[in-house]
Amino acid sequence: MKSWRRALPLLASWLMIFFFAALPALAAEAAEEDPAASTAGLIFRWLNFLLVFGGIGYLIAKHGGAFFRANAKAIAASITEAAAAKAEADRELHEVETKIARLDQEVADLRDAARRDSAAEAERLRVSGRAEIEKISQAARGELAAAERAAQHELRAIAASMAVERAGELVSSRMNREIRARIFRAFLGELGRSAN
């Protein structure tokens with residue numbers, strides 16, 4: 001690329017020299033009749049052609065080879081970089097395709113794991129529920145037994161109180177004044193004996 005930049009001013013100067021050299025010939029041509037139709041005009045045209053294209057050929061041969069070699073190297077480097085980039089892109093594409101191919105399996109594995117976890121959690125909840133039901137059932141049985149004991153105790157107390165009342169009524173109905181006085185005297189006699 002640098003050789004082309006060096007060759008460009010040289011090429012421009014040669015073109016300027018050629019233009020200024022050809023200018024008098026062009027100016028004279030307008031004054032005369034067409035000298036190009038003569039043999040000398042034909043020879044000058046061929047000489048002009050050979051000079052111009054010979055100069056261009058010389059410049060291309062001298063500076064073009066380095067330019068084209070540098071350009072070819074740059075193109076080859078670009079091709080190498082593009083090939084490396086393509087290889088990297090192909091590798092990444094292969095990785096992505098592999099991941100996508102495994103994605104369905106991973107989704108299926110995740111679904112299976114979720115089903116297993118869900119079933120395990122449901123079983124754990126069932127077991128926990130049964131344990132809670134058993135605990136509640138035992139507590140209810142304990143409360144029922146305690147309530148039964150309390151009811152039996154209360155029933156005994158009621159029965160005892162009713163028995164005492166009934167006995168009191170029975171004793172009251174059978175006791176008259178004379179029996180009471182005899183019991184009272186027996187009590188006083190016992191009290192006197194125990195005091196001695």
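Parameters and conventions
Residues numbered from 1 in each chain as written. Predicted model: local features only at pLDDT ≥ 70, side-chain atom pairs only at ≥ 80, totals over all residues. Heavy atoms only, no water. Helix = DSSP H or I, 4+ residues; strand = E, 2+ residues; numbered from the N terminus. Buried < 20%, exposed > 50% of the residue type's maximum accessible area, 1.4 Å probe, protein only. Areas by Shrake-Rupley, 256 points an atom, 1.4 Å probe, with all protein chains shown as cover. Salt bridge = Lys/Arg side-chain N within 4 Å of Asp/Glu carboxyl O. Phe/Tyr/Trp six-rings, centres within 6.5 Å; stacked < 30°, edge-to-face > 60°. Bend = angle between axes of the 7 residues up to and from the residue. pLDDT = per-residue confidence, 0-100.

Visitor: Honestly, the overall build of the chain in this entry has me stumped. Any pointers?
Guide: Across its full length, the chain carries three helices and zero strands. When its helices and strands are written in sequence order, the chain yields α-α-α. The buried share of the chain, taken over its 196 residues, is 4%. Surface summary for the chain: the accessible area is close to 16,900 Å², and the carbon and sulfur share equals 66%.

Visitor: Sorry, what's going on with the pattern of salt bridges here?
Guide: Where charged atoms from two side chains of opposite charge approach closely, those side chains can pair. This structure, assessed with the given rule, holds nine salt bridges. R91 is paired through a salt bridge with E88; the nearest N and O atoms lie 2.2 Å apart. In this pair, R91 and E88 are both assigned in helix α2 (residues 39-174), three residues apart and thus about one turn of the helix distant. Given the relative accessible area of 33%, E88 is considered partly exposed. Between R166 and E169 there is a salt bridge, and its shortest N-O distance comes to 3.7 Å. One end of the pair, R166, and the other, E169, are both in helix α2, three residues apart, so they sit about a helical turn from each other. Where salt bridges share partners, they join E88, R91 and E95 into one cluster.

Visitor: It is not clear to me how the packing of aromatic side chains should be interpreted in this structure. Could you clarify?
Guide: Two measures describe an aromatic ring pair: the distance that separates the ring centres and the angle between the ring planes. Overall, the coordinates contain two aromatic pairs when judged by the stated rule. Residues W46 and F49 carry aromatic rings whose centres are separated by 5.8 Å and whose planes lie at 85° to one another, so their mutual orientation is edge-to-face. One end of the pair is W46 and the other is F49, both in helix α2 and three residues apart, which spans about a single turn. Look at F49 and you get partly exposed, because its relative accessible area is 39%. For the ring pair F49 and F53, a centre distance of 4.6 Å and an interplane angle of 50° mean the geometry is tilted. Here the residue F49 and the residue F53 both occupy positions in helix α2, the gap between them amounting to four residues, near one helical turn. Three or more aromatic residues joined by ring pairs make a cluster, and in this case those are W46, F49 and F53.

Visitor: Can you help me understand α2 in this one?
Guide: Side chains of residues three or four places apart in an α-helix project in the same direction, reflecting 3.6 residues per turn. The largest bend in α2 is about 50°, located at G64. The set of residues buried in α2 consists of G41, V52, L59, G64 and F67.

Visitor: Whenever I open this one, the confidence of the model for the chain confuses me. Can you help?
Guide: When pLDDT drops low, the exact placement of atoms in the prediction is not to be read closely. Scored by pLDDT, the chain comes out at a mean of 82, with 89% of its residues at no less than 70. Highest mean pLDDT in the chain belongs to α2 (87); lowest belongs to helix α1 (residues 2-31) (69).

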